[in-house]
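So you can see what is in the structure, the chains are spelled out below.
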Amino acid sequence: MASNNNVRRHFNEEFTTWIKDNVTEKFQSSNSGVMFFDEPQLPHTDVTRDFVLLYNIETGGRNSEVCFWQEKGQPLYRERMLAVERGPHLDLVDRIHGPFDCWYIMNTRIIHSVENVSGLRINLQISFDTELPKEFLAAHFSTTNSPGGEK
């Protein structure tokens, strides 16, 4: 990754099989794994994927936040492999505290960083090249648009 030297360990065969059986068969198995963040990252876009499904095992501290940025004069969705210095040329678009105890999907073509980290951040990362699996979208729409409201 252009923005840091943090370590990724690829999932073993047992966990890859679990993902295929319980999440989706359509993911970048060679680009998914456990990520260990023990040094700060610059705001960045990812190198090898447009989307990632994440679960934080350790969030990096109770004040950690995933932050999304827009560079002044640039579109929100950017090319892969950017690493951008912090500064007044970046506008904070949104921030998410933690997240804790949940899976979440990120569009990694939006400049992002994790801020206020006070300890080790460890997360499971299931990578997707340019599209999310259709069953993710179908599950979302069948839940939120079902007659009678959400399940």
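Residues numbered from 1 in each chain as written. Predicted model: local features only at pLDDT ≥ 70, side-chain atom pairs only at ≥ 80, totals over all residues. Heavy atoms only, no water.

Engineer: Which parts of the structure should I look at to understand the pattern of salt bridges?
Structural biologist: Should the charged atoms of two oppositely charged side chains come close, the side chains can pair. Tallying each qualifying case throughout the model produces nine salt bridges. Note that Glu-65 is salt-bridged to Arg-95, the shortest N-O span being 3.4 Å. Separated by 30 residues along the polypeptide, Glu-65 in strand E4 (residues 65-71) and Arg-95 in strand E5 (residues 90-97) bring together distant segments of the chain. Residues joined in a network through salt bridges with shared partners are Asp-50, Arg-80, Arg-109 and Asp-129. (Salt bridge = Lys/Arg side-chain N within 4 Å of Asp/Glu carboxyl O. Helix = DSSP H or I, 4+ residues; strand = E, 2+ residues; numbered from the N terminus.)

Engineer: In this structure, what is going on with the sheet that holds E4? I would like to understand it.
Structural biologist: Two orientations exist for strands paired in a sheet by backbone hydrogen bonds: parallel and antiparallel. One open sheet holds the three strands; their spatial order is E5-E4-E7, and the pairing between them is antiparallel. Two strands in the sheet have a free side with no partner beyond their single neighbour: E5 and strand E7 (111-115). Looking at each pair of strands side by side, their axes are set apart by 30° on average, direction ignored. Pairing of E4 with E5 involves seven bridges; the strand directions are antiparallel. The residue bridging Phe-68 from the neighbouring strand is Asp-94, located in E5. (Pairing = 2+ DSSP bridges. Axes fitted to C-alpha atoms, helices over the stretch in contact; angles between N-to-C directions.)

Engineer: How should I be thinking about the nonpolar core in this particular structure?
Structural biologist: Looking at soluble globular proteins, one finds that nonpolar side chains tend to be buried together. The biggest cluster of nonpolar side chains holds twelve residues, and these are Phe-11, Ile-19, Phe-27, Val-34, Phe-51, Leu-53, Ile-122, Leu-124, Ile-126, Phe-128, Leu-132 and Phe-136. Broken down by secondary-structure element, the contributors of at least two residues to this core are strand E3 (51-59) and strand E8 (121-128). If you tally residues by element for this core, the top one is E8, at four residues. Once residues lying within four places of it in the same chain are set aside, the contact partners of Val-34 are Val-7, Arg-8, Arg-9, Phe-11, Ile-122, Asn-123 and Leu-124. Formed by eight residues, the second largest nonpolar core is a distinct cluster that contains Val-52, Leu-54, Tyr-104 and Ile-110. (Core = buried A, V, L, I, M, F, W, Y, C linked by side-chain atoms within 4.5 Å. Buried < 20%, exposed > 50% of the residue type's maximum accessible area, 1.4 Å probe, protein only. Contact = heavy atoms within 4.5 Å.)

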